[in-house]
Amino acid sequence: MESSLKIKAIIAEEQGAPDVFKVGEVDFPSNEGKENYVWIKTEATGINRAETMQRKGLYPSIPGETDVIGLEAAGYLVNSQEEYTSGEYKNNERVMALLPGGGYSDIARVHKDHLMKIPENLSFEEGAAIPETWLTSFQLLFLVASGKEGQTALIHAAGSGIGCAAIQLCKKVGITTIAVASTNEKLELAKSIGASHGINYKENADFSTLVQEYTGGKGVNIILDCVGAQNFDYNIKSAAVDCQWVLYGLMGGPKVPEFNLKSFMGKRIQLLCSTLKTRTNEYKADMITKFSEQFLPLFETGELKPIIDITLKYSEMKDAHEYMESNKTQGKIICTNDL
């Protein structure tokens, strides 16, 4: 049986702070009963905010999938358990993948349609910075919202991996971006990759005043919001008529006191909520195909680039999660496999 083989992984035997992580062993992820699945021998994984929530018990694993955390990885395509144990996978393609989990393990199971070939000029670390972050940004801008040339987008958490990806995608299609972040250093990064304007919310809590100034009083057409309640009123004041407000996180809380729908009706604001992890395999496959056709070749030409803040090792997962939760990141945190 395939499951009799043990593999190394970063596991959390209980929920809690980042120090719950340790190196352990889990069963080889069997493909028994699963069609169209292969494996990826992980060389690197990207760290995502949702993974810190899963560690705390606030974002459960997908039923039927591994409890090992990790939503993306880059490595070698593996077609069988025998190929993995023999090391022959090293003759195979370098791939990066959107995962249902398991990125923190030595080998992860993945649907074959959720793989992308790593561009020749990118390292495994750079490849690991693409799947979850860039696909999320692509989804929010073009599948959930209807982003198009000539619009203006307000990007919260502009220094994050998703923020950096969204700014670059917007620039490529002709969408003007206003970046919102907590430090001037993050805003400098945002501007260096294409943001037209930057707002430090620590210095301008009501950022809507500057948004209206930058847009000539028109407001923004798209809002990418991972904050939630904390920015609610300011987002409304920043929105243009028919604005598409995409909510994909609740870092600033879920509850808005004295919420009044009249403010939405007056501007015809569309509040669109989105997650990616629990989408169907078919949805993810279609999204990956569209992204690969439109944007993946631009990494090879250098027109798009993954932004990496820091590279650690799997055995330093505690440090990686602590850094993510410090909110100091400028781009992606990557961990390389030293299991």
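What you see is a predicted model; the values in this text were computed from it and never measured. (Residues numbered from 1 in each chain as written. Predicted model: local features only at pLDDT ≥ 70, side-chain atom pairs only at ≥ 80, totals over all residues. Heavy atoms only, no water.)

### Regarding the state of the cysteines
At step 1: As enumerated under the stated definition, the model contains zero disulfides in all.
At step 2: Between C170, a free cysteine, and C164, which holds the nearest cysteine sulfur, the sulfur-to-sulfur gap is 12 Å.
At step 3: A relative accessible area of 0% means that C170 is categorised as buried.
At step 4: Distance from the sulfur of C273, which forms no disulfide, to the nearest cysteine sulfur (C243) is 13 Å. (Disulfide = S-S within 2.5 Å. Buried < 20%, exposed > 50% of the residue type's maximum accessible area, 1.4 Å probe, protein only.)

### Remarks on the layout of surface pockets
At step 1: Reported here for the second largest pocket is a volume of approximately 310 Å³.
At step 2: Taken together, 17 residues make up the lining of the second largest pocket; nearest its centre are A12, Q54, D67, V68 and I69.
At step 3: Here the lining of the second largest pocket takes three residues from strand β1 (residues 6–12), the largest share from any one element.
At step 4: Here the lining of the second largest pocket is built from residues that sort into 10 nonpolar, four polar and three charged. (1 Å grid on protein atoms, 1.4 Å probe; cavity = no way out; pocket = protein on both sides within 12 Å on 5 of 7 lines; lining within 4 Å. Points joined across faces, edges and corners; volume = space filled by probe spheres on them. Helix = DSSP H or I, 4+ residues; strand = E, 2+ residues; numbered from the N terminus. Nonpolar A, V, L, I, M, F, W, Y, C, P; charged D, E, K, R; others polar.)

### Describing the side chain of R109
At step 1: Structurally, R109 can be placed in strand β6 (residues 107–111).
At step 2: A polar contact is formed between the side chain of R109 and the backbone oxygen of S30, at a distance of 2.3 Å.
At step 3: Only 3.2 Å separates the side chain of R109 from the side chain of E65, close enough to count as a polar contact.
At step 4: Apart from residues no more than four positions distant in its own chain, R109 is found in contact with P29, S30, N31, K34, Y37, V38, W39, G64, E65, L99 and P100. (Polar contact = N/O pair within 3.5 Å; in protein donor to acceptor, adjacent residues only side chain to side chain. Contact = heavy atoms within 4.5 Å.)

### A short note on helix α12 (residues 317–325)
Along an α-helix, residues three or four positions apart point the same way, because every turn accommodates 3.6 residues.
At step 1: Buried residues of α12: M317, A320, H321 and M324, and no others. The buried side chains of α12 occupy one side of the element, clustering within an arc of 95° when seen end-on.
At step 2: Turning to α12, the residues buried within the fold contact β1, β2 (21–27), β3 (37–47), α1 (49–56), β14 (308–313) and β15 (332–336).
At step 3: Of the residues trailing α12, N327 is marked for its positive phi of about 60°. (Arc of directions from axis to C-beta.)

### A word on the sheet that holds strand β10 (residues 197–200)
Paired through backbone hydrogen bonds, the strands of a sheet run either parallel or antiparallel to each other.
At step 1: Here we have six strands laid out as an open sheet, ordered β10-β9-β8-β11-β12-β13, and parallel in their pairing. Only two strands of the sheet have a single neighbouring strand rather than two, namely β10 and β13 (270–273). Here the strands of the sheet are splayed against their neighbours by 15° on average, with no regard to which way each runs.
At step 2: Contacting β8 (152–155), β9 (176–181) and β11 (220–225), helix α5 (residues 161–173) runs over the sheet at an angle of about 170° to β8.
At step 3: The strands that helix α6 (residues 184–192) touches are β9 and β10; relative to β10, the one it contacts most, it runs at about 165°. (Pairing = 2+ DSSP bridges. Axes fitted to C-alpha atoms, helices over the stretch in contact; angles between N-to-C directions.)

### Focus: the nonpolar core
At step 1: In terms of nonpolar packing, the biggest core is built from 63 residues, with L224, F291 and F295 touching the most fellow members.
At step 2: Broken down by element, this core gets its largest block of residues, eight residues, from α5.
At step 3: No fewer than three residues from each of domain 1 (6–130 + 278–336) and domain 2 (134–273) sit in this core.
At step 4: With near-sequence residues (within four places) excluded, F291 lies in contact with M116, I130, W134, L135, F138, L296 and F299.
At step 5: Listed in part, the 16 residues of the second largest apolar core include V180, C243, W245 and F264. (Core = buried A, V, L, I, M, F, W, Y, C linked by side-chain atoms within 4.5 Å. Domains from an automatic or database assignment.)

### Digging into the UniProt feature "domain: Enoyl reductase (ER)" (unreviewed entry) in the protein chain
At step 1: UniProt tags residues 16–335 as "domain: Enoyl reductase (ER)" (unreviewed entry).
At step 2: Across residues 16–335 one finds 32% helix and 25% strand; the C-alpha atoms that close the span lie 20 Å apart. (UniProt positions renumbered as here; feature names shortened; annotations may be inferred.)

### Brief notes about the packing of helix α4 (residues 131–144) against helix α10 (residues 281–294)
At step 1: For the pair α4 and α10, interaxial distance at closest approach is 10 Å and the crossing angle is 90°. Between α4 and α10, the angle falls in the class roughly perpendicular. In contact with W134, L135, F138, Q139 and L143 of α4, α10 contributes Y283, M287, I288, K290, F291 and Q294.
At step 2: Of the residues that constitute the contact of α4 with α10, the class distribution is eight nonpolar, two polar and one charged. (Parallel < 35°, antiparallel > 145°, perpendicular 65-115°, else oblique.)

### A closer look at the pattern of salt bridges
At step 1: Evaluation of the coordinates by the stated rule reveals 16 salt bridges.
At step 2: Of the charged contacts in the structure, one is a salt bridge between K332 and E72, with a shortest N-O distance of 2.6 Å. With K332 in strand β15 and E72 in strand β4 (residues 72–78), the pair connects residues that are 260 residues apart, well separated along the chain. We note that K332, like E72, is buried.
At step 3: Between E303 and K172 there is a salt bridge; the shortest N-O distance is 2.4 Å. Here the residue E303 occupies a position in the loop between α11 (297–300) and β14, and K172 occupies one in helix α5, the gap between them amounting to 131 residues.
At step 4: With relative accessibility at 41%, the residue E303 sits in the partly exposed group.
At step 5: With relative accessibility at 38%, the residue K172 sits in the partly exposed group.
At step 6: The network of salt bridges with shared partners includes K34, E65 and R109. (Salt bridge = Lys/Arg side-chain N within 4 Å of Asp/Glu carboxyl O.)

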